[in-house]
Structure formats: structure tokens, C-alpha cells
Amino acid sequence: MSPARTREDDDDPVTATYDVYLTPSQAEQIVLLQYPNRVRSRPYNKRHGGCPEDVRVKPSTGFIEVDVGLNTTFNFNKYKGLQWGDALQTSRDLHGNATGTYGPAAGFGGPKPRSGNVGRQSLKDSAARDTQIANDLLSFHDAEDEKRVLRTQTLGGQITRHDAPEEAGKPVYFVGAFRDDQLHMTKVDGTAHMRPQFHHLDAEEQRARISASRAAALDSSDARPTGEARSILAREQKVGDGWAEGGRDRLEDRTRKQLQEAEAEEWVRLEYVDEDMQEAYDKFAERMFVRDVEGAARLKSGMDGWEYLDAVSAPRRDSPTRRRKRPPRRRAGAEEEHDGAEEGATGGAEAGREGGE
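Figured I'd write up the structure that's included with this text. Everything numeric here is computed off the predicted structure, so don't read it as measured data. (Residues numbered from 1 in each chain as written. Predicted model: local features only at pLDDT ≥ 70, side-chain atom pairs only at ≥ 80, totals over all residues. Heavy atoms only, no water.)

**Some thoughts on helix α2 (residues 126-138)**
Because an α-helix packs 3.6 residues into every turn, residues spaced three or four apart end up facing the same way. Selection criterion: Counting from the N terminus, the helices are the DSSP runs of H or I reaching at least four residues and the strands are the DSSP runs of E reaching at least two. Expected span of a helix: the number of residues minus one, times 1.5 Å. Working definition: with a 1.4 Å probe on protein chains only, accessible area under 20% of the residue-type maximum means buried, over 50% means exposed, and in between means partly exposed. It is the directions from the helix axis to the C-beta atoms whose arc is reported.
Here α2 spans 19 Å end to end across 13 residues, near enough to the 18 Å set by a 1.5 Å rise per residue. Within α2, burial applies to Arg-129, Ile-133 and Asp-136. One side of α2 carries all its buried residues, which in axial view fall inside an arc of 65°. For α2, the exposed residues set more than 90 degrees away from the buried face come down to Ala-127 and Leu-138.

Following this line, the structure appears as C-alpha cells:
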């Protein structure tokens, strides 16, 4: 260890010290939501005009979605807003898809129809749809009040649980809160990367497919409608049980199982509280600090410095592709000569003993 430097020659002096406290485990889960596509200077809150309006989560599979309101007065394509709003409304009417969820959170199967025969449900043709959108453009505010406009952006992701078996050995995240000369640390139960979801495009593509299948059915009564998106639960595995033995097959089985669970699980709605509201400040002061600082137990390390270094260091493992060195092979002739020499030496010793006798 190098000698400690004096304060005069220290180019990085200590400016402040803090007492660190670990808050007790919370009854509620603390999930850190990260927004990679959003600059830090413009968080999603009411002050910056991007306040979340709806939050929903699937606790078992970990999918979470947030609907953020959009400003429709400027930098907003009203025609596309009406078109995609109609597509999502059609998804709600035909399939009962209240949240308009597609993609992995819905098992990649899309919403399921309300009845066995989708054709019985009403669906506007292209001319009637264009006429409605043209009329709504003239009275856009009325259409917005009647919720016929897509005026929210959906952000979604999947929560990574830090206590999951596959996360063993990885870093543990904490949230820190300062108070005077104290730093209070609260463990984070999971993290999620929230990225824009394009459910409105999936709804528009599904509407176009249904409309095309109905048009083909009208042209020919014998024509069968084109296949629609089937849910993961409705699909059947047509391969033998003995085929799925490799690692890739097991991965596909796990992925299929996760999608089935995501499709079957219902959304659970959460209440969102803006960070500038007094309720948020009250919960922050109540849950993020140790109340009895004087009576808090002091942490004691169960290992010394060397044991700690061994625990945090990566274990040394031989590469599986590395060839081990083999002992050198002896030639057969050399082994026979060596054995003959040993026998001659033994025989000479015995002869010497007999002659001495």
C-alpha cells in the first residue's frame, strides 16, 4: 500500500463525509423506470407537459405500460391522430381490447375476438371511414372530447427483478436520499427500460387485414378468409416431444411459456401521483428515510479486506476450448532398454552376493 499523502500534496481532497443508513425493507415494491429515449432535462411530469395519465402492470410477467398525454394544439398530425384513434376504437369494439395492447405484453397474438364469428361485428368500410375522419377534422375538438383521437403515447417495458435466480451475482441497485450529513439508501426491487410502443400501428394493420378478408369473402362465397393473428394459447406444437432436446429448443419453450403467461394475465391499473404533488413529498419523507437514526443498528462486516477482495473478484476458470498439456509420450524402445537396464542391475547385485558367499 502506498503511503498516505498529506493534505498539501493531495490533488483530490475529501470535501464532505456522510453517514450511510439502510432503510428497512418496504411492503411496496420499488421499481426504477428508465426512459432511454427521453432527455434528462425533460422528465415525464406535469410541469414539462408530459404527465402520465394511466399506469398498468402485469405483476407475474413483469410487463408495465404508461400512457402519457400529448399536446394536440401544435406539432400534432390531426389526420393521423383520427386515423389511429379509429383503429384503436375498432380494436376495442371488435375484440374488447380496452388497453389496445399488442406485442410481447399480449403474447404476440393480439386481442382475442369477443365472439367466435368476427364477421358479425360491425366494421366501417373505407368510404365511410374517410367521411367520418373528414367530418372530425372540421370539428376536431369535439372528436377529441369524444375520445376519437389518439392523444396519448404509450411507453412500455418489462421489469427485471433483481431477486430473480438469473440475476444472482449481478449488481444490486439502491436509491439514495440526502438529509443534512446523512445518506439514506433504499433497495430497488426491479428496473424497467420504458420505450415507445406502437400499438396503434398494430391496430391499423389488423383492421386492414380484417377489412381485406371481408372484402374477399363478399367477392366469392366459397372463398375462405385469410388467416388472422392467432394467440399463443391457440397454437399447437406440431413437433415431437423428443425433438425439443437442445439448448435452442429449450430456450424457445421458455419463450413460448412466457408469452402464454403474458397473454393470459390481466392488467392491474395503478394510481399515478405526480412528483410535484404534496402527496409525493409526504410519501418520500415517510418511506425513503430511517426514522430512528439514533437507535439504528451499526453494520458490521463479516469478512476482512482480503476476504472481501476474493468475494468481489471474478473466479478463475479454465476456458473450455483450451487444450490441456499432455505428458510427453515415451518411445517403446526406450522403455524396453530402461527395463532391461534395471533387470541387469538387479541380476548383477544378486550375482555379487552369491560370489561373496
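**Comments concerning the sheet that holds strand β4 (residues 63-69)**
Put simply, the rule is: Strand pairing requires that DSSP identify at least two bridges connecting the strands.
Sheet architecture is open: five strands sit in the order β10-β5-β4-β3-β11, paired in antiparallel fashion. Bordering the open sheet on either side are β10 (195-196) and β11 (268-270), each of which pairs with just one other strand. Pairing between strand β5 (residues 152-158) and β10: two bridges, direction antiparallel. Residue pairing in the sheet places Leu-155 in a bridge with Pro-196 of β10.

**A word on the sheet that holds strand β2 (residues 31-34)**
If you walk across this open sheet you meet the three strands as β2-β9-β6, and the pairing is mixed. Both outer strands of the open sheet, β2 and β6 (160-161), are each paired with one neighbouring strand and no more. Bridge count for β6 against strand β9 (residues 190-193) is two bridges, and the pairing is antiparallel. Residue pairing for β9: Thr-160 is matched across the bridge by Thr-191.

It is worth stressing that arrangement in space is one thing and function is another; only the former is reported here.
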